[in-house]
Amino acid sequence: MDVIAQGALVKMPAQVGPQVSYQLKLDDQLIDLNSYLGKPIKLTYVGQINCTHCGRKTNKSFAQGHCYPCFKKLPQCDLCIMSPEKCHYDQGTCRDPAWGEQFCFQSHYVYLANSSGVKVGITRGTQIPTRWIDQGAIQALPILRVETRFQSGLVERIFAEHVTDKTNWRAMLKGQIDPIDLYAERDRLMQLCHDGLSELENRYGLQAIQRLPDAEMLVLDFPVLNFPSKITSLNFDKNPVVEGVLQGIKGQYLLLDRGVINLRKFTAYQIEFSA
């Protein structure tokens with residue numbers, strides 16, 4: 001095999017088309033991954049991780065590519081990023097109020113997606129449809145637009161009483177996912193969540209939570225030749241060399257004939273790509 005590129009691993013950029021198109025990103029180098037489907041590839045971890053924020057060398061990556069000090073101080077690594085309803089900005093304890101005002105005090109969307117069955121989720125408008133691709137969703141439908149990230153977290157909690165907010169990644173990778181009528185699911189859940197949504201509208205105003213009855217469902221087709229019947233997870237920390245025939249790409253996973261690997265988990269790892 002020839003070495004094609006080397007650098008710090010970054011979340012795979014992807015574009016919607018007739019089929020999702022993926023690139024492997026190592027520092028500023030971009031490799032068209034779809035063109036390697038059905039071909040042997042090798043990714044080698046060369047033993048170095050540099051924090052994506054400060055560049056410090058670290059033995060372990062936290063929150064997808066950060067050293068421990070950055071993980072403990074950066075607002076993008078705070079607990080409220082994973083649980084927006086736990087936002088503590090109004091308590092005066094936000095790690096970086098300016099960052100919060102830029103990223104959290106903007107419109108967010110509540111959506112339904114079908115990755116391993118119907119789920120509810122939230123995302124900024126700028127992350128549509130990237131968020132859905134990263135989750136390996138074959139269908140996605142925006143259902144509400146809210147004013148802030150905190151409010152989106154409150155709405156998600158209401159919906160999560162009736163539908164999961166998690167993806168079963170093993171089921172997602174096996175590809176045994178049936179299409180779902182997300183419009184019917186939206187209408188069903190809107191009825192179930194009516195009282196909770198009305199309470200939030202009374203608290204924050206009618207314009208804070210806007211229904212999206214005319215939103216269109218997006219259908220995504222991922223580049224997969226063969227789905228694995230059994231999931232074997234590959235890990236650079238356990239074995240620095242990951243190789244095999246590339247069978248497919250879904251979410252942020254490479255599907256090889258020898259197992260699957262979540263590349264996003266290893267953000268900031270110095271990787272050598274050969275083919």
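Residues numbered from 1 in each chain as written. Predicted model: local features only at pLDDT ≥ 70, side-chain atom pairs only at ≥ 80, totals over all residues. Heavy atoms only, no water.

A. A look at unusual backbone geometry. The step from isoleucine 128 to proline 129 runs through a cis peptide bond, and the omega angle for that step is 5°. You can see proline 129 is positioned in the loop between β7 (118-124) and α4 (130-134). The backbone phi angle of aspartate 27 is positive, close to 55°, even though this residue is not glycine. Within the secondary structure, aspartate 27 is located in the loop between β3 (21-26) and β4 (29-32). Here aspartate 27 falls in the partly exposed class, since its relative accessible area comes to 37%. (Helix = DSSP H or I, 4+ residues; strand = E, 2+ residues; numbered from the N terminus. Buried < 20%, exposed > 50% of the residue type's maximum accessible area, 1.4 Å probe, protein only.)

B. Fine view of the packing of helix α5 (residues 149-159) against helix α8 (residues 194-204). Viewed as axis vectors pointing N to C, α5 and α8 meet at an angle of 160°, and their least axial separation amounts to 10 Å. Between α5 and α8, the interaxial angle falls into the category roughly antiparallel. In terms of crossing hand, the pair formed by α5 and α8 is right-handed. Every residue of α8 that contacts α5 at Phe150, Gln151, Leu154, Val155, Ile158 and Phe159 is listed here: Gly196, Leu197, Leu200, Arg203 and Tyr204. Class assignment for the residues of the contact of α5 with α8 results in 8 nonpolar, 2 polar and 1 charged. (Axes fitted to C-alpha atoms, helices over the stretch in contact; angles between N-to-C directions. Parallel < 35°, antiparallel > 145°, perpendicular 65-115°, else oblique. Left-handed = near helix turned anticlockwise from the far one by under 90°. Contact = heavy atoms within 4.5 Å. Nonpolar A, V, L, I, M, F, W, Y, C, P; charged D, E, K, R; others polar.)

C. Structural view of the pattern of salt bridges. Throughout the structure, instances matching the rule amount to 10 salt bridges. With a closest N to O distance of 3.7 Å, glutamate 85 and arginine 157 form a salt bridge. Taken as a pair, glutamate 85 in the loop between α2 (79-82) and α3 (97-103) and arginine 157 in helix α5 lie far apart in primary sequence, 72 residues in all. Connected through salt bridges with shared partners, the residues Glu85, Arg157, Asp165 and Lys166 form a single ionic network. (Salt bridge = Lys/Arg side-chain N within 4 Å of Asp/Glu carboxyl O.)

D. Highlighting α5. Counted residue by residue, α5 has 9 buried out of 11 residues, so it is predominantly covered. Inspection of α5 places Arg149, Gln151, Ser152, Gly153, Leu154, Val155, Glu156, Ile158 and Phe159 among the buried residues, and these make up the whole buried set.

E. View of the pairing of β3. Burial along β3 is one-sided: the face carrying Tyr22, Leu24 and Leu26 is buried and the face carrying Ser21, Gln23 and Lys25 is not. In the sheet, strand β1 (residues 3-10) pairs with β3 via 2 bridges, with the strands oriented antiparallel. Across the sheet, leucine 9 pairs through a bridge with leucine 26, a residue of β3. Two elements, strand β2 (residues 14-15) and β3, share 2 bridges in a ladder whose sense is antiparallel. Bridge pairing in β3 places alanine 14 opposite tyrosine 22. Between β2 and β3, which pair antiparallel in sequence order, lie 5 residues. Remark: 2 residues form the turn of the hairpin made by β3 and β4, two consecutive strands paired antiparallel; aspartate 27 in that turn has positive phi of roughly 55°. (Pairing = 2+ DSSP bridges.)

F. Representation of the state of the cysteines in the model. Scanning the entire structure with this criterion turns up 0 disulfides. The thiol sulfur of cysteine 80 is not disulfide-bonded, and the nearest other cysteine sulfur, from cysteine 87, lies at 5.6 Å. With no disulfide of its own, cysteine 94 has cysteine 80 as its nearest cysteine by sulfur position, at a separation of 6.6 Å. (Disulfide = S-S within 2.5 Å.)

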